[in-house]
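Residue strings, one per chain:
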Amino acid sequence: MLVNLIGLLAIAFVVFWFWPRKGASKATPGNSEATIVVDGGVYEPERPVRPAGQPITLTFLRKDASACAQWVLFDGVDASTELPIGKPHTLTLPPLAPGEYVFHCQMNMYRGTLVVK
Ligand SMILES: [Cu+2]
């Protein structure tokens, strides 16, 4: 019982400690919520631009039903995700250094470039 209470207090402390920072990064301008549409063999926009040094949220909307569009993978970033058809799907990338990061389908046919600066 006492152990549970201590555990709860520890969780509350962790949540309290990290909450303000999370809120701050969310409020930072530039991390726009634009959706990347996957349709007809292309990503639109093909060169989304996002700020460096903060988590990057990308929302993909896959309209393309072909199996080719099923996955999106990022070169040089430990991130990939399966995309449902017709439903927005959010992927969060870790903070990145300025540069260009190619993303593509699992067969490397659909290609886009994430520009971080
Ligand atoms: Cu493909």
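Cut-offs and rules
- Residues numbered from 1 in each chain as written.
- Predicted model: local features only at pLDDT ≥ 70, side-chain atom pairs only at ≥ 80, totals over all residues.
- Heavy atoms only, no water.
- Pairing = 2+ DSSP bridges.
- Helix = DSSP H or I, 4+ residues; strand = E, 2+ residues; numbered from the N terminus.
- Axes fitted to C-alpha atoms, helices over the stretch in contact; angles between N-to-C directions.
- Donors = N, O, S within 2.8 Å, 3.2 Å for Na, K, Ca; no water.
- Buried < 20%, exposed > 50% of the residue type's maximum accessible area, 1.4 Å probe, protein only.

By the naming in an unreviewed UniProt entry, the protein chain goes by Cupredoxin-like protein and is assigned to Gallaecimonas pentaromativorans.

Engineer: Looking at this structure, how should I read the sheet that holds strand S6 (residues 80–82)?
Structural biologist: Think of a sheet as strands paired side by side through backbone hydrogen bonds, with each pair either parallel or antiparallel. Taken in spatial order, the five strands of this open sheet run S3-S9-S8-S5-S6, and their pairing is mixed. One side of each edge strand has no neighbouring strand; the edge strands of this open sheet are strand S3 (49–50) and S6. Across three bridges, strand S5 (residues 71–74) lies against S6 in antiparallel orientation. In the sheet register, Leu73 faces S6, and the bridge partner there is Ser80.

Engineer: What exactly am I supposed to notice about the sheet that holds strand S4 (residues 56–62) here?
Structural biologist: Overall, mixed pairing links the four strands, which are arranged S2-S1-S4-S7 in an open sheet. Pairing within the sheet leaves two strands with one partner each, and these edge strands are strand S2 (42–44) and strand S7 (88–93). In this sheet, adjacent strand axes meet at a mean angle of 30° when their direction is disregarded. Inspection of the sheet shows S4 paired to S7 by six bridges, in the antiparallel sense. Looking at S7, one finds that Leu58 is bridged to Leu91.

Engineer: Would you mind showing me how to read the coordination of the copper ion here?
Structural biologist: Four donors placed tetrahedrally about a metal ideally form angles of 109.5 degrees, and six donors placed octahedrally ideally form angles of 90 or 180 degrees. The protein atoms that coordinate the copper ion are Cys68 (SG) and Cys105 (SG), at distances of 1.9 to 2.1 Å. Placement of the pair is Cys68 in the loop between S4 and S5 and Cys105 in the loop between strand S8 (99–104) and strand S9 (111–116), with a sequence separation of 37 residues. Here the two residues Cys68 and Cys105 agree in accessibility, since each one is buried.

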